[in-house]
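# Notes for the structure review
Each chain, letter by letter, is given below.
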Amino acid sequence: MRAIVIDDERLARKELITLLNQLETVEVVGEAVNVDDAKEKIEQLQPDVIFLDIQMPEKTGFDLLEELDHVPHVIFTTAYDEYALKAFQVNALDYLLKPIEPKRLEEAINRLIGKIEGAAKNQENGGYQNNKKLTLDDQVFVKDGDRCWFVRLSNVRLFESDGNYIKVYFDNFKPMIHKSLNALDDRLDEKSFFRASRKHIINLGWVEAIEPWFNGGLVVTLRGGDRIEVSRRQAARFKEMMSL
């Protein structure tokens, strides 16, 4: 497996690379000292896995993952255990505390091998699990500035497009994530989430009332009072979905 080690501390990079070089299953193809350097190396070298430090100057490891179009497998390497929850919210494969123990590193690599082999088997069987939709039971990591949340999708009532960002409505929060509504729509289970218009995706479980609107459209009221217009084009599909 091709790997890149990302850490702003030179000694930490060298120690990890030394450990990885002792494993026959891993080839270290590059190293990076910060997020911008890492982004360039990842796009250029296309690694299978990145060993990613979290606390780095200017941008964190989490910032890097948000900027990548295609994220490789991620194993976090950090001196701080308080980031563990956030790490697994972004689907990190493992979380290794510094100084890294050779046995824990080998366990992480074996877990990665198992995951890659499992994905290959799924692909041979049609790849149905690789395209798994996000359901109401799934939890997602949301980061807006310095604030982070781990939100169950059943608690998200509304997604609203705002330029190149999406507002995520849950509880009394409306954090913004850098993503297109089209990309999000492709990932959500259509049995639970409905694309009401170019600007909105609603959680069907939060629908409280429906009323006719202009030109054949609808207005949907969600629990909590949010009122969302359903475009005429989507209204017919919405009626069909919600009817017996």
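Description of the structure in this document. All values reported here derive from a predicted model rather than from experimental measurement.

Rules of the game
Residues numbered from 1 in each chain as written. Predicted model: local features only at pLDDT ≥ 70, side-chain atom pairs only at ≥ 80, totals over all residues. Heavy atoms only, no water. Helix = DSSP H or I, 4+ residues; strand = E, 2+ residues; numbered from the N terminus. Contact = heavy atoms within 4.5 Å. Buried < 20%, exposed > 50% of the residue type's maximum accessible area, 1.4 Å probe, protein only. Pairing = 2+ DSSP bridges. Phe/Tyr/Trp six-rings, centres within 6.5 Å; stacked < 30°, edge-to-face > 60°. Axes fitted to C-alpha atoms, helices over the stretch in contact; angles between N-to-C directions.

Summing up its helical and strand segments, the protein has seven helices and 15 strands in all. For the protein, the spread of C-alpha atoms along the principal axes amounts to about 65 × 40 × 30 Å. Contacts spanning at least 24 positions in sequence make up 45% of the contacts within the protein whose residues lie at least 6 apart.

For the rest of this paragraph, the subject is the pairing of strand S15 (residues 227-230). Across the two faces of S15 the burial differs, with Ile 228 and Val 230 buried and Arg 227 and Glu 229 not buried at all. When strand S14 (residues 218-222) meets S15, the two strands line up antiparallel, connected through four bridges. Among the inter-strand pairings, Val 220 is bridged to a residue of S15, identified as Ile 228. With antiparallel pairing between neighbouring strands as the criterion, S14 and S15 make up a hairpin whose turn holds four residues, including Gly 224 at a positive phi of roughly 105 degrees.

Using the criterion set out here, one finds seven aromatic pairs in the structure. With a centroid separation of 5.8 Å and 80 degrees between ring planes, the pair formed by Trp 149 and Phe 170 is classed as edge-to-face. Taken together, the positions of Trp 149 in strand S7 (residues 147-152) and Phe 170 in strand S9 (residues 165-170) put the pair 21 residues apart, joining distant regions of the chain. Summarising the burial analysis for this pair, Trp 149 and Phe 170 share the class buried. Here the aromatic rings of Trp 149 and Phe 173 are separated by 5.4 Å at their centres, their planes lie at 50 degrees, and the arrangement is tilted.

A few words on the sheet that holds strand S12 (residues 200-203). Taken in spatial order, the five strands make up an open sheet running S10-S9-S8-S12-S11, and their pairing is antiparallel. Edge positions in the open sheet fall to strand S10 (176-178) and strand S11 (193-195), since each of these has one partner strand only. Looking at each pair of strands side by side, their axes are set apart by 20 degrees on average, direction ignored. Taken together, the six bridges between strand S8 (residues 156-162) and S9 define a ladder with antiparallel strand orientation. What sits directly across from Glu 160, in S9, is Lys 167.

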